[in-house]
Amino acid sequence: MTCASCAARIEKRLNKLEGVSASVNYATEKAHVQLMPGVAVDELISEVVRTGYTAALRREEESETVDPGHRLLRLRLIVATVLAVPVIVLAMATPLQFPGWQWASLVLATPVVTWAAWPFHRAAWMNARHRAVTMDTLISVGVSAAYLWSLYALFFGTAGMWGMTHPFRFAIERGDGLGSIYLEVAAGVTMFLLLGRFLEQRSKRRAGAALRALGELGAKDVAILHDGVEERMPLAQLAVGDEFIVRPGEKIATDGVVREGSSAVDASMLTGESVPTEVGPGDTVTGATVNIGGRLIVAATRVGADTQLARMAQLVEDAQSGKAEAQRLADRLSTVFVPIVFGIAAVTLVAWLLAGGGAAAAFTAAVAVLIIACPCALGLATPMALLVGTGRGAQLGILIKGPEVLESTRRVDTILLDKTGTVTTGRMTLADVIAAEGEDADEVLRLAAAVEDASEHPIAQAIVRAAVERFGDVADVADFQNIQGRGVTGVVDSHAVVAGRPALLAEWGLHLPADLLAAFDRAEDAARTAVAVAWDGKVRGVVVVADQIKPRSAAAIAALRGLGLTPILLTGDNAKAAAQVAAEVGITEVRAGVLPEGKVAEVLALQGAARSVAMVGDGVNDAAALAQSDLGIAMGTGTDAAIEASDLTLVRGDLWGTVDAIRLARRTLGTIRGNLFWALAYNVAAIPLAALGLLNPMLAGAAMAFSSVFVVLNSLRLRRFRSAAPRI
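Residues numbered from 1 in each chain as written. Predicted model: local features only at pLDDT ≥ 70, side-chain atom pairs only at ≥ 80, totals over all residues. Heavy atoms only, no water.

- Looking up the chain in an unreviewed UniProt entry gives the name Heavy metal translocating P-type ATPase, with the organism given as Microbacterium croceum.
- Regarding the chain, the UniProt comment filed under Subcellular location (unreviewed entry) reads as follows: "Cell membrane".
- Recorded under Sequence similarities (unreviewed entry), the UniProt text for the chain is reproduced unchanged: "Belongs to the cation transport ATPase (P-type) (TC 3.A.3) family. Type IB subfamily." (UniProt positions renumbered as here; feature names shortened; annotations may be inferred.)

Structural data, given as structure tokens:
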């Protein structure tokens, strides 16, 4: 497929088949098809072939190497550049036109307009078979007209005479059409358009990487228990009902139920939530999450395509396949521009014949219209602006994936913000230390950190980090004991220290006084995590940790409102935690307790209400919603699956990057629109001259060169884009 209209044509033909519902995605080069019983896949492939294209049944283990089509396009571009540049230089610089230069130009230009330009000729022929015209049609006709007319002028006119030159003048005057050649136009147009096509395809080939990233998350092998004997096998050999062992630090191989052991499971890569989940016998666990505590024996309940990870991968694929790709502006222009140009050429031919100008003059003028109308810079308009815009974005930590993304930024009016890792840091940090009456808060933190230092739990590590920052080090602990899901105990500087839940302290006969109990409850109500600390038979204080809000989140959300977007907080966390964060950053609309499937449903519901939705997230559970949304924005500090499923990626992980990303994308889109206008304007302005027989090769070459130079210079203005982020 060479353009979005190709995808539309294939989709239309497939949907005409009985029992078939198809969606063809130009960006990923895939068709997502639902079949009624009795419809054969071979019938679908045959229909695609009859349409003029090729197709094959998708394999799960598709090769990730550079495809031959991309390598061939790169080779065509290299050959066209090496051969076309001398042709252009010779045609535009009269002093370099040695005797016989026109024949040398013919030798150099022929491979360019035949072999290198073959993709355009092939696309034009296929379009003609289906009675359709696209910009490929105009490119092929324009290049062919310039080349064939040059051949005619060389062999049957005066252009092939030894010593012939193209004088350097832009005079608008009627000349001898058989004394001019347009080989530099044919070769130059081909070269510039191949460059545009190559830049476009390079970004398009990234599509589908979200599914690969999801696949990489899972475990590769598993320790299966057979009759009490442990045996490590490839994951594919695991069956429902098998029991397997998960040691601390290992990924859980598949969805299952804990049979023995207790531990904390870090599901942040899957859920985005920073606080690990405590699990014990009878609790369910999810494949690809990480066991960070004790040894577990798990019975597999779902394997392969039935697992939650696989279902999320399917959600991403469905969202990508069903996502309506924005039709590129150049293709939309072609539906109007191309027929008009052909009409003008036909009218020119007839008018000259009726006016008695003679067949040679009539054909000269008609062909000149086709030559001058071929918009060389049109192929550069989008890729060049995208290249500069994405380059500037990369300097600012913003990665833009393709031209379709830019149109999405213009339309979005609602932005869904995942809480953990997006609005907040996604990392537990110390929020407060409340000491009992007569106690020292620093001593509470020092002893709590000492006993927590031997634990790998994120809450414990947050307390330890705070103590190291404040004191430089933590004290040694003896007789350490970790009571899964409740807390830790140990001896520090001859003090018997207990830190954890009130239930653990109660087992030691310790109860929180009223003031500490109130502080503990306030922390829990604010969706923070509180740890009670006691030593030597008395409760001494409460340490509070929380997922902190990023410094510029509130300012960024205010700026998003200024861009015309309505922010909505979307999270799998509880309603209290979500409401607390929303209040602090100035968000009024909250959707809490939303599962991964629910996030996609929220996006679909808003889209169903005629809203254009942007989604910002960083977890695997956000990947499907990012793919489904009109504009997916991933934090670069998040998971690969979320990054690959998104349209924009923020390397820094700062929410203000979202503001800059939307501003830059909208600016780049505006530049593309300006490029498209001027790419056509130079050529369109010269069409009347061609129709009147006043076009000479210098004017044709100048129109091609000036339009291309303008597109490049206009695109380079994007390098001056600056971030509007406040300094903190």
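Some thoughts on the overall build of the chain
Argument step 1. In terms of helices and strands, the chain carries 26 helices and 24 strands.
Argument step 2. Within the chain, the fraction of its 728 residues that count as buried is 53%.
Argument step 3. Counting only carbon and sulfur atoms, one obtains 58% of the accessible surface of the chain, whose full area is about 30800 Å². (Helix = DSSP H or I, 4+ residues; strand = E, 2+ residues; numbered from the N terminus. Buried < 20%, exposed > 50% of the residue type's maximum accessible area, 1.4 Å probe, protein only. Areas by Shrake-Rupley, 256 points an atom, 1.4 Å probe, with all protein chains shown as cover.)

A look at unusual backbone geometry
Argument step 1. One non-glycine residue with positive phi stands out, namely Ala-288, at about 85 degrees.
Argument step 2. Structurally, the position occupied by Ala-288 is in the loop between strand E9 (284-285) and strand E10 (290-291).
Argument step 3. The backbone phi angle of Ala-610 is positive, close to 65 degrees, even though this residue is not glycine.
Argument step 4. With respect to the helices and strands, Ala-610 occurs in the loop between helix H22 (596-608) and strand E22 (613-617).
Argument step 5. On the basis of relative accessible area, Ala-610 is assigned to the exposed category, the value being 69%.

As for the sheet that holds strand E17 (residues 495-500)
Argument step 1. Read across the sheet, six strands follow the order E14-E19-E18-E17-E16-E15 without closing on themselves; strand pairing throughout is antiparallel. The open sheet has two edge strands, strand E14 (424-435) and strand E15 (478-483), and neither has a second partner. In this sheet, neighbouring strand axes are inclined to one another by 20 degrees on average, regardless of whether the strands run parallel or antiparallel.
Argument step 2. Both strand E18 (residues 529-535) and strand E19 (residues 538-549) contribute to a ladder of seven bridges, which runs antiparallel. Within E19, the position partnered with Thr-529 by the bridge is Val-545.
Argument step 3. Across the sheet, helix H16 (residues 441-452) is in contact with E14, E15, strand E16 (487-492), E17, E18 and E19; its angle to E16 comes to roughly 105 degrees.
Argument step 4. Lying on the sheet, helix H17 (residues 458-471) is in contact with E14, E18 and E19; it crosses E14 at an angle near 65 degrees. (Pairing = 2+ DSSP bridges. Axes fitted to C-alpha atoms, helices over the stretch in contact; angles between N-to-C directions. Contact = heavy atoms within 4.5 Å.)

Some words on the pattern of salt bridges
Argument step 1. Tallied over the entire structure, the rule returns 17 salt bridges.
Argument step 2. Ionic pairing is found between Arg-50 and Glu-47, a salt bridge with its closest N-O pair at 2.5 Å. Here Glu-47 and Arg-50 lie together in helix H2 (residues 41-51), a separation of three residues that amounts to about one turn.
Argument step 3. A relative accessible area of 8% places Glu-47 in the buried class.
Argument step 4. Among the ionic pairs, Arg-259 bridges to Glu-243, the shortest N-O distance being 3.9 Å. With Arg-259 in strand E6 (residues 255-260) and Glu-243 in strand E5 (residues 243-246), the pair connects residues that are 16 residues apart, well separated along the chain.
Argument step 5. It is possible to trace a salt-bridge network through shared partners that takes in Arg-13, Glu-47 and Arg-50. (Salt bridge = Lys/Arg side-chain N within 4 Å of Asp/Glu carboxyl O.)

Points about the packing of aromatic side chains
Argument step 1. If you walk through the whole model with that rule in mind, you get five aromatic pairs.
Argument step 2. Look at Trp-103 and Phe-155: their rings are 5.3 Å apart centre to centre, the planes differ by 75 degrees, and that puts the pair in the edge-to-face class. Residue Trp-103 is located in helix H4 (residues 101-116), and its partner Phe-155 is located in helix H6 (residues 135-156); the two are separated by 52 residues in the primary sequence.
Argument step 3. Given a relative accessible area of 26%, Trp-103 falls into the partly exposed group.
Argument step 4. Note on Tyr-152 and Phe-156: the rings are 5.3 Å apart at their centroids and 35 degrees apart in plane angle, and the pair reads as tilted. (Phe/Tyr/Trp six-rings, centres within 6.5 Å; stacked < 30°, edge-to-face > 60°.)

Points about the sheet that holds strand E13 (residues 414-418)
Argument step 1. Pairing within the open sheet is mixed, and its seven strands lie in the order E12-E24-E23-E22-E13-E20-E21. Single-partner strands in this sheet number two, and they are strand E12 (398-400) and strand E21 (589-591). In this sheet, adjacent strand axes meet at a mean angle of 20 degrees when their direction is disregarded.
Argument step 2. Both strand E23 (residues 631-635) and strand E24 (residues 648-650) contribute to a ladder of three bridges, which runs parallel. Looking at the pairing, Met-635 lines up with Leu-650 of E24.

Here's the deal with the side chain of Asp-660
Argument step 1. Relative to the helices and strands, Asp-660 resides in helix H25 (residues 656-691).
Argument step 2. Ignoring anything within four residues of it in the chain, the contact list for Asp-660 reads Ile-398, Arg-652, Phe-721, Ser-723, Ala-724 and Ala-725.

Quick look at the pairing of strand E3 (residues 221-226)
Argument step 1. For E3 and strand E4 (residues 229-234), the ladder comprises six bridges, and the chain directions are antiparallel. Bridge assignment links Leu-225 to a residue of E4, and that residue is Glu-230.
Argument step 2. With antiparallel pairing between neighbouring strands as the criterion, E3 and E4 make up a hairpin whose turn holds two residues, including Asp-227 at a positive phi of roughly 55 degrees.
Argument step 3. Relative to E5, E3 runs antiparallel, the two sharing three bridges.

Topic: a nonpolar patch on the surface
Argument step 1. On the surface, a nonpolar cluster with roughly 250 Å² of combined accessible area is contributed by Leu-35, Val-41 and Leu-57.
Argument step 2. Here Leu-35 is to be found in strand E2 (residues 30-35).
Argument step 3. Looking at Leu-35, the relative accessible area reads 34%, which means it is partly exposed. (Patch = residues over 30% accessible without salt bridge, like charges linked within 9 Å, V, L, I, M, F, W, Y side chains within 5 Å.)

Let's talk about the packing of helix H20 (residues 553-562) against H25
Argument step 1. Axis separation between H20 and H25 bottoms out at 8 Å; the angle between their running directions is 30 degrees. For the element pair H20 / H25, the angle class is roughly parallel. Residue-level contacts link Ala-555, Ala-556, Ala-559 and Leu-560 of H20 to Trp-656, Thr-658, Val-659 and Ile-662 of H25.
Argument step 2. Of the residues that constitute the contact of H20 with H25, the class distribution is seven nonpolar, one polar and no charged. (Parallel < 35°, antiparallel > 145°, perpendicular 65-115°, else oblique. Nonpolar A, V, L, I, M, F, W, Y, C, P; charged D, E, K, R; others polar.)

Looking at the environment of Arg-591
Argument step 1. By secondary structure assignment, the location of Arg-591 is in strand E21.
Argument step 2. Here Arg-591 falls in the partly exposed class, since its relative accessible area comes to 22%.
Argument step 3. Taking the C-alpha atoms as reference, Arg-591 lies 9.5 Å from Asp-573; in sequence the two are 18 residues apart.
Argument step 4. Apart from residues no more than four positions distant in its own chain, Arg-591 is found in contact with Ile-568, Leu-569, Leu-570, Thr-571, Glu-602 and Leu-606.
Argument step 5. Reaching out from Arg-591, the side chain makes a polar contact with the side chain of Glu-589 at a distance of 2.6 Å. (Polar contact = N/O pair within 3.5 Å; in protein donor to acceptor, adjacent residues only side chain to side chain.)

Quick look at the packing of H4 against H6
Argument step 1. In the contact formed by H4 and H6, the axes pass within 11 Å of each other and the chain directions differ by 150 degrees. Regarding the angle of H4 to H6, the classification is roughly antiparallel. For the pair H4 and H6, the sense of crossing is left-handed. Residues Gln-102, Trp-103, Leu-106, Thr-110 and Val-113 of H4 form the contact with H6, whose participating residues are Val-143, Tyr-147, Leu-151, Leu-154 and Phe-155.
Argument step 2. Split by residue class, the contact of H4 with H6 holds eight nonpolar, two polar and no charged. (Left-handed = near helix turned anticlockwise from the far one by under 90°.)

Concerning the UniProt feature "transmembrane region" (unreviewed entry) in the chain
Argument step 1. The UniProt record marks residues 75-94, 100-118, 138-161, 181-199, 333-355, 361-388, 676-695 and 701-718 with the feature "transmembrane region" (unreviewed entry), using the residue numbering of this structure.
Argument step 2. Regarding residues 676-695, the helix share stands at 80% and the strand share at 0%, and the terminal C-alpha atoms are separated by 23 Å.

Quick notes on the environment of Ala-365
Argument step 1. With respect to the helices, strands and loops of the structure, Ala-365 is situated in helix H12 (residues 359-373).
Argument step 2. The spacing of Ala-365 and Ala-345 is 20 residues in sequence and 7.9 Å in space, taken between C-alpha atoms.
Argument step 3. Ignoring sequence-local partners within four residues, the contact set of Ala-365 consists of Thr-348, Trp-352, Ala-690, Ala-691 and Gly-693.

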